[in-house]
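Breakdown of the fold
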Amino acid sequence: MATTNMTFSSHTATVTITDFTELNSTDKVNLIATDGTNYDFVNGDQSSVNGTWESATSNAVTATNLMNVINTSSGPAGTRFSATVDGAVVTITQNTVGA
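Residues numbered from 1 in each chain as written. Predicted model: local features only at pLDDT ≥ 70, side-chain atom pairs only at ≥ 80, totals over all residues. Heavy atoms only, no water.

**Some remarks on the nonpolar core**
Where a protein is soluble and globular, its nonpolar side chains tend to be buried together. Ranked by size, the top nonpolar core spans 21 residues in total, and within it F41, L66, I70, F81, V90 and I92 carry the most contacts. When residues of this core are traced back to their parent elements, those giving at least two are strand 2 (12-17), strand 3 (28-32), strand 4 (38-43), helix 1 (59-71), strand 6 (81-86) and strand 7 (89-94). Sequence-distant contacts of L66, that is, excluding residues within four places in its chain, are made with V15, V29, F41, W53 and V90. (Core = buried A, V, L, I, M, F, W, Y, C linked by side-chain atoms within 4.5 Å. Buried < 20%, exposed > 50% of the residue type's maximum accessible area, 1.4 Å probe, protein only. Helix = DSSP H or I, 4+ residues; strand = E, 2+ residues; numbered from the N terminus. Contact = heavy atoms within 4.5 Å.)

The following block contains the structure:
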């Protein structure tokens, strides 16, 4: 994907928003929980409960929107993941250690 860069380690990932204007409404960030369940966080209207995040205003705002959706305990992934943001970089951590 030309608009984000992803890096992985054993239980963390980073998503860097490099050009929020290039994100489309069907673009997604897919996270896999330790139990093997896939969770898609889809670009669209901002709705933490639905797991959708809006690309708007700037790379940093878009990254914050993604972080907020991932951190919502009532969203699709519940509390399986947590995220922080620094500028346009979202760092995502699995909250449950895998086998």
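That shown, we press on.
**Regarding helix 1**
Between its first and last C-alpha, helix 1 extends 18 Å over 13 residues, near the 18 Å set by a 1.5 Å rise per residue. Along helix 1, the positions that sit buried rather than exposed are T62, A63, N65, L66, M67, V69 and I70. The inward-facing, buried residues of helix 1 contact strand 2, strand 3, strand 4, strand 5 (52-53), strand 6 and strand 7. (Expected span 1.5 Å × (residues − 1).)

**As for the pairing of strand 3**
Along strand 3, the buried face is formed by V29 and L31; none of K28, N30 and I32, which line the opposite face, is buried. The sheet contact formed by strand 3 and strand 4 spans five bridges and is antiparallel. If you follow V29 over to strand 4, its bridge partner there is F41. Between strand 3 and strand 4, which pair antiparallel and follow one another directly, the connecting turn spans five residues, one of which, G36, has a positive phi of 90 degrees. (Pairing = 2+ DSSP bridges.)

**Comments concerning the pattern of salt bridges**
Inspection of every chain in the model, using the stated rule, returns one salt bridge. Between K28 and D40 there is a salt bridge, with the nearest N and O atoms lying 3.5 Å from each other. Of this pair, K28 sits in strand 3 while D40 sits in strand 4; the two residues are 12 residues apart in sequence, bridging distant segments of the chain. By relative accessible area, which is 31% here, D40 ends up partly exposed. (Salt bridge = Lys/Arg side-chain N within 4 Å of Asp/Glu carboxyl O.)

**Focus: the sheet that holds strand 3**
What the three strands build is an open sheet, ordered 3-4-5; its pairing is mixed. Of all strands in the sheet, those bounded by a partner on one side alone are strand 3 and strand 5. Bridge count for strand 4 against strand 5 is two bridges, and the pairing is parallel. For V42, the partnering residue across the bridge sits in strand 5 and is T52.

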